[in-house]
Amino acid sequence: MFIAMNRFSINPGKQTDFENIWRARESHLHEMVGFKSFNLLKGALDEKTGITLYASHTVWEDRASFSAWTNSQQFRDAHKNAGAHSGIHAGHPQFEGFEAVEGVK
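Figured I'd write up the structure that's included with this text. (Residues numbered from 1 in each chain as written. Predicted model: local features only at pLDDT ≥ 70, side-chain atom pairs only at ≥ 80, totals over all residues. Heavy atoms only, no water.)

## What to know about the pairing of strand β3 (residues 52–60)
Counted residue by residue, β3 has 8 buried out of 9 residues, so it is predominantly covered. Across 9 bridges, the pairing between strand β1 (residues 2–10) and β3 is antiparallel. From the neighbouring strand, F2 faces β3, where its bridge partner is W60. With 8 bridges connecting them, strand β2 (residues 35–45) and β3 associate as antiparallel partners. From the neighbouring strand, N39 faces β3, where its bridge partner is H57. Hairpin connection between β2 and β3: a loop of 6 residues separates the two successive antiparallel strands, and G50 in this loop has a positive phi of roughly 80°. (Buried < 20%, exposed > 50% of the residue type's maximum accessible area, 1.4 Å probe, protein only. Helix = DSSP H or I, 4+ residues; strand = E, 2+ residues; numbered from the N terminus. Pairing = 2+ DSSP bridges.)

Set out below in structure tokens:
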């Protein structure tokens, strides 16, 4: 199993805008071989900065399936408007990828 996460720092007052963008998007993930699940996670509000941390969390059968996604037309289609929402993000998303070592169900 491979878990891919992008961490997003969202500016004060832009949390609802950010969530609505994700809800309205065409993800195309379900079209991909090896895709297992997706969650958008919301962290705590940083009281000092007003920034809220979010993470997109996808689970894949393996790293090869995730790599196929990042090189696909579906990926390009899903991300074609990614830069169109100025003022929402406090910096660039930070990618983190993890290979499963152990799991318990």
